[in-house]
Amino acid sequence: MLTISQVLIALAVFLLIMQFLKLQRVRRQLPPGPIPLPIFGTLIQLNFQFNRDLLMKVAKIHGNIFTLWFGWAPVIVLNGYQAVKDGMTMYPEDVSGRLVSPFFRAMAKGKGIMLATGHTWKQQRRFALRTLRNLGLGKRGLEHRVQEEAHYLVAFFASMKGKPLDPSFPLVHSVSNVICAVVFGHRFSREDETLHELIRATEHLFKFGGSFIHHLYEIFPWLMCRLPGPHKKALSCYEVLSSFTRREIRMHTDRGIPDEPQDFIDFYLAHIEKSKDEPRSTYNEDNMVYSINDLFLGGSETTSTTLIWGLLYMVANPDVQEKVQRELDAVLGPSQLICYEDRKELPYTNAVVHEVQRFSNIISVGMPRVCVRNTTLLGFPLKKGTIVLPNIASSLYDPEQWETPRQFNPGHFLDKDGNFVSQEAFLPFSVGHRVCLGEHLARTELFIFFASLLRAFTFRLPEGVTKISTEPILGGTLQPHPYRLCAIPR
Ligand code: HEM
Ligand SMILES: *[C@@H]1O[C@H](CO)[C@@H](O)[C@H](O)[C@H]1NC(C)=O
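Residues numbered from 1 in each chain as written. Chains lettered and ligands numbered in written order. Predicted model: local features only at pLDDT ≥ 70, side-chain atom pairs only at ≥ 80, totals over all residues. Heavy atoms only, no water.

## Things to note about the sheet that holds strand S4 (residues 369-370)
Two pairing modes exist for strands in a sheet, parallel and antiparallel, and in both the strands are linked by backbone hydrogen bonds. Heads up, the rule is: Whether two strands pair comes down to DSSP finding at least two bridges between them. Each helix is a run of H or I in the DSSP string that is no shorter than four residues. Each strand is a run of E no shorter than two, and both are numbered from the N terminus.
Taken in spatial order, the five strands of this open sheet run S1-S2-S7-S4-S3, and their pairing is mixed. Where the open sheet ends on each side, the last strands, each with one partner, are strand S1 (65-70) and strand S3 (97-98). When S1 meets strand S2 (residues 73-78), the two strands line up antiparallel, connected through six bridges. Bridge pairing in S2 places Phe66 opposite Val77.

## Some details on the coordination of the iron atom of ligand 1
Tetrahedral coordination by four donors puts the ideal angle at the metal at 109.5 degrees, and octahedral coordination by six puts it at 90 or 180 degrees. For the record, the criterion: Counted as donors are N, O and S atoms no farther than 2.8 Å from the metal, or 3.2 Å for Na, K and Ca; water is not among the atoms, and sites may therefore look incomplete.
What the protein offers the iron atom of ligand 1 as a donor is a single atom, Cys436 (SG), at 2.3 Å. Looking at the element boundaries, Cys436 is found in the loop between helix H17 (392-396) and helix H18 (439-456).

## Brief notes about the pattern of salt bridges
The following threshold applies: The term salt bridge refers to a side-chain nitrogen of Lys or Arg lying within 4 Å of a carboxyl oxygen of Asp or Glu. Each residue is assigned to one of three classes by its accessible area relative to the maximum for its type, calculated with a 1.4 Å probe on protein chains only: buried under 20%, partly exposed between the two thresholds, exposed over 50%.
Applying the stated criterion to the full structure yields 17 salt bridges. Across the salt bridge formed by Arg358 and Glu355, the nearest N and O atoms sit 2.9 Å from each other. A residue pair is termed a helical-turn pair when its members lie 3 or 4 positions apart in one helix, as Arg358 and Glu355 do in helix H16 (residues 347-360) at three residues. You can call Glu355 buried: its relative accessible area is 0%. When salt bridges with common partners are traced through the structure, they connect Lys111, Arg246, Arg250, Glu285 and Asp286 into a single cluster.

## A word on empty space enclosed by the protein
Condition: A cavity here means a set of 1 Å grid points, computed over protein atoms only, where a 1.4 Å probe fits but cannot escape. A pocket is an open set with protein on both sides within 12 Å along at least 5 of 7 lines, and lining residues have an atom within 4 Å of a point. Grid points are joined across faces, edges and corners, and a volume is the space filled by probe spheres set on the points.
Scanning the model with the defined rule gives three cavities of 30 Å³ or more in all. Of the volumes computed, that of the largest cavity is approximately 60 Å³. For the largest cavity, the full set of lining residues is Tyr340, Arg343, Asn350, Val353, His354, Gln357, Arg443, Leu446 and Phe447. Of all the secondary-structure elements, those providing two or more residues to the lining of the largest cavity are H16 and H18.

## What to know about the environment of Asp286
Our working rule: In what follows, a contact means two residues having at least one pair of non-hydrogen atoms within 4.5 Å. Pairing of N or O atoms within 3.5 Å defines a polar contact, subject to two protein rules: one partner must be a possible hydrogen donor and the other a possible acceptor, and residues neighboring in sequence count only if both atoms are side-chain atoms.
By the element assignment, Asp286 lies in helix H13 (residues 285-299). C-alpha of Asp286 to C-alpha of Val146: the two residues are 140 residues apart in sequence and 28 Å apart in space. Setting aside chain neighbours within four positions, we find Asp286 in contact with Lys111 and Arg246. A distance of 2.9 Å separates a polar atom in the side chain of Asp286 from a polar atom in the side chain of Lys111.

## Some thoughts on the side chain of Arg455
Operational definition: In this count, Lys and Arg are taken as positive residues and Asp and Glu as negative ones, while His and the chain termini are left out.
Among the structural elements, Arg455 can be located in helix H18. Here Arg455 occupies a buried position and makes no salt bridge, while the nearest side chain of opposite charge, Asp329, is found at 7.1 Å. In this view, Arg455 contacts Leu328, Leu332, Gly333, Pro334, Ser335, Gln336, Ile338 and Arg490; residues no more than four positions away in its chain are not counted.

## Side note on helix H7 (residues 168-184)
Under the convention used in this document: The span you would expect from a helix comes to 1.5 Å times its residue count less one.
Look at H7: 23 Å from first C-alpha to last across 17 residues, which is about the 24 Å you get at 1.5 Å a residue. Among the 17 residues that make up H7, 15 are buried, leaving the element largely enclosed by the rest of the structure. The first or second residue beyond H7 is Gly185, which carries a positive phi of 90 degrees.

## Considering a positive patch on the surface
Rules: Patch membership requires more than 30% relative accessible area and the absence of a salt bridge. Residues of like charge join within 9 Å; the nonpolar side chains Val, Leu, Ile, Met, Phe, Trp and Tyr join within 5 Å. Accessibility throughout is a Shrake-Rupley quantity obtained with a 1.4 Å probe, and a residue counts as covered only by protein chains that appear here. Lys charges are placed at NZ, Arg charges at CZ, Asp charges at CG and Glu charges at CD.
On the surface, a cluster of positive charge is contributed by Lys22, Arg25, Arg28 and Lys383. Structurally, the position occupied by Lys22 is in helix H1 (residues 4-28).

## Some thoughts on the site of ligand 1
Note the threshold: Residues are counted as near a molecule or strand when any one of their heavy atoms sits within 4 Å of it. Three categories are distinguished: nonpolar for Ala, Val, Leu, Ile, Met, Phe, Trp, Tyr, Cys and Pro, charged for Asp, Glu, Lys and Arg, and polar for the others, with Gly belonging to the last. What counts as a domain boundary in this text is fixed by an automatic or database domain assignment.
In the vicinity of ligand 1, 26 residues are found, and the nearest of them are Arg98, Arg125, Ser430, Arg434 and Cys436. At a separation of 2.7 Å, an oxygen atom of ligand 1 approaches a polar side-chain atom of Arg125. At a separation of 2.6 Å, an oxygen atom of ligand 1 approaches a polar side-chain atom of Arg434. Secondary-structure elements contributing two or more residues to the shell around ligand 1 are helix H5 (118-136), H13, helix H14 (301-316) and H18. Here the residues of the shell around ligand 1 sort into 14 nonpolar, eight polar and four charged. Counting contributing residues per domain, the shell around ligand 1 is built from domain 1 (23-109 + 365-396) and domain 2 (110-361 + 397-489), each supplying no fewer than three.

## Considerations on the packing of aromatic side chains
The description of an aromatic ring pair uses the distance of the two centres, along with the angle that the planes make with each other. Put simply, the rule reads: When the centres of two rings from Phe, Tyr and Trp lie within 6.5 Å, Trp using its six-membered ring, the rings pair. Their planes under 30 degrees apart give stacked, over 60 give edge-to-face, and anything left gives tilted.
Under the defined criterion, the tally for this structure stands at 25 aromatic pairs. The interplanar angle of 75 degrees and the centroid separation of 6.0 Å between the aromatic rings of Phe157 and Phe459 together place this pair among those described as edge-to-face. Here Phe157, found in helix H6 (residues 142-159), pairs with Phe459, found in strand S8 (residues 457-460); they are 302 residues apart in sequence, far enough to count as distant. Taking the centre distance of 6.1 Å and the plane angle of 5 degrees together, the rings of Phe413 and Phe420 count as stacked. Classification of Phe420 as partly exposed rests on a relative accessible area of 27%.

## Examining the domain arrangement of the chain
Note the threshold: Defined here as a combined quantity, buried area equals the accessible surface (1.4 Å probe) lost by two parts on assembly, summed across both.
Annotation of the chain at the domain level lists domain 1 (23-109 + 365-396) and domain 2 (110-361 + 397-489). Taken over C-alpha atoms, the centre of domain 1 sits 27 Å from the centre of domain 2. Taken together, the 33 residues of domain 1 in the interface contact 42 residues of domain 2. Roughly 3300 Å² of surface becomes buried between domain 1 and domain 2 when both sides are summed, with 61% attributable to carbon and sulfur atoms. Where domain 1 meets domain 2, there are two salt bridges.

## Digging into a nonpolar patch on the surface
A contiguous nonpolar patch, built from Ile4, Leu8, Ile9, Leu11, Val13, Phe14, Leu15, Ile17, Met18 and Leu21 and spanning about 1000 Å² of accessible area, is present on the exposed surface. Tracing the backbone through its elements, the reader meets Met18 in helix H1. According to the relative accessible area criterion, Met18 is partly exposed, its value standing at 43%.

Structure below.
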């Protein structure tokens, strides 16, 4: 006689075998990859890890388009510049969906830009792009805001009189202030607690992303959303951002929309009025709040982390730092405002800024996309809803595209005569229809902040410190280990 438990075990084994066979059948139509197992997919073969080096190793075995399985879900990974670019630009519309996992749905409810898909995404993205362009024009435009913040930042470093300091907070503060000026129309002083609170909330959210509890939430959302824990704290951090944004919107509506819109909120409020009779309009307060949150989340941590890496590389490569300074001294006056346009006269500095972005690779493997309809990706048919990951790191570190991919080398962006050369494989902002919306602003900020700081200071390790790590802390974004430096006035 069979006992109940024997029957159950036999049944389970039978189901697992059926599932295994089904996976093998489905798998034949997809790009190659490690053999998936029921429940775990390919997680066991990958030691439950997922990072840029591991993905590049899998590509060595299976080629530049391969399939990994996260449990039941296949993820198609594109590896190397050519595959990333072709995959994202051959049918760009088809791969323009965003993977909105349970946690991100709980957070942004599919609204705004970054975590929206379809009609909402299209309208909100187009509006934000146009508005950033409008705000870029004129004397009080974006570039002026960046120059103003660079001025405050230099003044702050100068006030430290060469004493050791951790540069991360001042940099985050300045970069966040640029977004505040763009979106809310004003900046915050260094003493103002409000911006400190927003920055703390943002940092907390980034730290939560990719943590163990975050993964648990994605796997068991129905359970986790009922339990207390760090995920509740993360969601409340997002709420801090939302409620601050709502307060700023209230202040704008109270004072009325000026004839000449001054900031993102002015433009948005005017557009809600203008489109209120359009039946398919998605312009409303909720989408405004979430779009603004996206600008804040997408624009502060990324840009400041890149600058924190930049100063670290200068401390670690004093010869590069010196060469940048010599070029700046030769081309710019000591107190002349630095413009983004000046990069054309400063090829070495421009190359260094690009190499900082390439080598630091802060977004690591990048953000997953989703096919919004049945499509073909590099010859493989994919069903609507399939997840696609264009691995950004594999383009920035592609051995076929870069002379010394694993070394910090500004020569990557210079020809033999020292002229700046752009590189197609330089895709830190991704590529295709979802390419970073703040790319132009980010490039302007990186150049102006970096050049302003290096013109004013020489960055050195504090007395007695000899070792410094340029290895990243692996996570959602790649961060340097905290460090201190001295900004010696020149
Ligand atoms: C060094 C700085 C930055 C880097 C490396 C960066 C990188 C990226 C990347 C890789 C994506 C994902 C694109 C994709 O799905 O393929 C993205 C999206 C986005 N970024 Fe940036 N970004 C930076 C700065 C900024 C700034 C300053 C802003 C705001 C003004 C911004 C706003 C956004 C938004 C709103 C999205 C979502 C776009 C969409 O889903 O349609 N980013 N960024
Ligand atoms: C997409 O492909 C699936 C299976 O390959 C098929 O069943 C479905 O009808 C297709 N959908 C459309 C809209 O073509």
